[in-house]
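If you want the building blocks of each chain, they are given just below.
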Amino acid sequence: MTDTVSQHTIAGTVLTMPVRIRKANTHVAMFSVAAPAAQRMIDYTGLRVCEYLPGRAVVMLMLVRYVDGDLGKYHEFGTAVMVNPPGSTAKGPGALASAAAFIHHLPVDQSFTLEAGRRIWGFPKIMADFTVRETPRFDFEVSENGTFIAGIEFARGVPIPSAVTARPQVLKTYSHTDGVLREIPWEMRNSGMSVRLGGARLRLGDHPYARELAALGLPKRAFASQASANVEMTFGDAQEIR
């Protein structure tokens, strides 16, 4: 018996699962925030934040530039909160090893990926405008309809050998829209990665997303940042959890 291949038709284009991203690059800033504030922000999901230290949670802000993939070429800004998988009450630094990323914000700048992200995975994508500067330091800004959301300036990190980072990573990601919690299978390979302590300066605007981030005590110094020059990804079909 032949397994049925899952397909989705988006704007007249048929996508066969899993969706493949052949080349992208990323910049990620990681922040330690008050766990109660982070929990209030995502209470609507029923998920619980991962307390990697007593009363502390991790929020990641990231820019992804998709260069070649099934969803086309586009920019994406994400707010991800590290959470425990449903049923887990793990705490402490070791809990991050089994934690998952809940995607709370996800502005993009192309309509095809907007529709695909919403319909296939339930990602909270909105249309936005991006400005990226490569020099003198890597810096980007994202706005919606002229209202500034956020910008981050990144300092150069310390290169990590590709032999360490190129191994496939299987990640667990959650989305929540229309009252439905979904789990998205996601595999990623990195090369050209660099990391450093600190290294990211966040700016916030007046957009509602910015006000949510400000309620977490941001902007503040990132505790770590990373960049990857070459990223390959696959995304499978979302599975409804509840």
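The name that an unreviewed UniProt entry assigns to the protein is Acetoacetate decarboxylase, with the source organism given as Mycolicibacterium monacense.

Draft legend 1. Representation of the pattern of salt bridges in the model. Going through the model one piece at a time under the given rule, you end up with 10 salt bridges. Its salt-bridge partner being Arg-65, residue Glu-134 comes within 2.8 Å of it at the nearest N-O pair. Placement of Glu-134 in the loop between strand E9 (129–133) and strand E10 (138–144) and of Arg-65 in strand E5 (residues 56–69) is noted, with a sequence separation of 69 residues between them. On the accessibility criterion, Arg-65 (16% relative accessible area) is buried. With a closest N to O distance of 3.4 Å, Glu-141 and Arg-133 form a salt bridge. A relative accessible area of 26% means that Glu-141 is categorised as partly exposed. For Arg-133, a relative accessible area of 32% corresponds to the partly exposed category.

Draft legend 2. A look at unusual backbone geometry. Put simply, Thr-135 and Pro-136 share a cis peptide bond, and its omega is 0°. Counting through the fold element by element, Pro-136 comes out in the loop between E9 and E10. Cis geometry is found at the peptide bond from Leu-218 to Pro-219, where omega equals 5°. Examined against the element boundaries, Pro-219 turns out to sit in the loop between helix H4 (208–214) and strand E16 (224–235). Its identity is not glycine, yet Ala-11 carries a phi of approximately 50°, on the positive side.

Draft legend 3. Inspection of helix H2 (residues 111–121) at higher detail. Buried within H2 are the following residues: Phe-112, Thr-113, Leu-114, Ala-116, Gly-117, Ile-120 and Trp-121. Phi for Gly-122, located one or two positions after H2, is positive at around 70°.

Draft legend 4. Region of interest: the sheet that holds E9. Reading across the sheet, the four strands line up as E9-E10-E11-E15 and stay open at both edges, with antiparallel pairing between neighbours. Taken across any chain shown, the strands that pair with only one partner, and hence form the sheet edges, are E9 and strand E15 (200–204). Taken pair by pair, the neighbouring strands of this sheet meet at an average axis angle of 10°, ignoring direction.

Draft legend 5. Region of interest: the side chain of Thr-177. When you line up the elements, Thr-177 lands in strand E13 (residues 169–177). Of the polar contacts made by the side chain of Thr-177, one reaches the backbone oxygen of Gly-122; its length is 3.3 Å. The contact partners of Thr-177, leaving out residues within four places of it in the chain, are Gly-122, Phe-123, Pro-124 and Arg-182.

Draft legend 6. Representation of the environment of Gly-217. Tracing the chain through its elements places Gly-217 in the loop between H4 and E16. Remark: the alpha-carbon pair of Gly-217 and Ala-38, spanning 179 residues in sequence, is separated by 9.9 Å.

Draft legend 7. Fine view of the packing of aromatic side chains. In this structure the tally under the stated criterion is eight aromatic pairs. Pairwise contacts between aromatic rings join Trp-121, Phe-123, Trp-186 and Phe-235 into one cluster.

Draft legend 8. Quick look at the pairing of strand E2 (residues 13–16). Looking at chain direction, strand E1 (residues 7–10) and E2 are connected through four bridges and run antiparallel. Directly across from Ile-10, in E2, lies its bridge partner Thr-13. Hairpin remark: E1 followed by E2, antiparallel, with two residues in the connecting loop; positive phi at Ala-11, about 50°.

Parameters at a glance
- Residues numbered from 1 in each chain as written.
- Predicted model: local features only at pLDDT ≥ 70, side-chain atom pairs only at ≥ 80, totals over all residues.
- Heavy atoms only, no water.
- Salt bridge = Lys/Arg side-chain N within 4 Å of Asp/Glu carboxyl O.
- Helix = DSSP H or I, 4+ residues; strand = E, 2+ residues; numbered from the N terminus.
- Buried < 20%, exposed > 50% of the residue type's maximum accessible area, 1.4 Å probe, protein only.
- Pairing = 2+ DSSP bridges.
- Axes fitted to C-alpha atoms, helices over the stretch in contact; angles between N-to-C directions.
- Polar contact = N/O pair within 3.5 Å; in protein donor to acceptor, adjacent residues only side chain to side chain.
- Contact = heavy atoms within 4.5 Å.
- Phe/Tyr/Trp six-rings, centres within 6.5 Å; stacked < 30°, edge-to-face > 60°.

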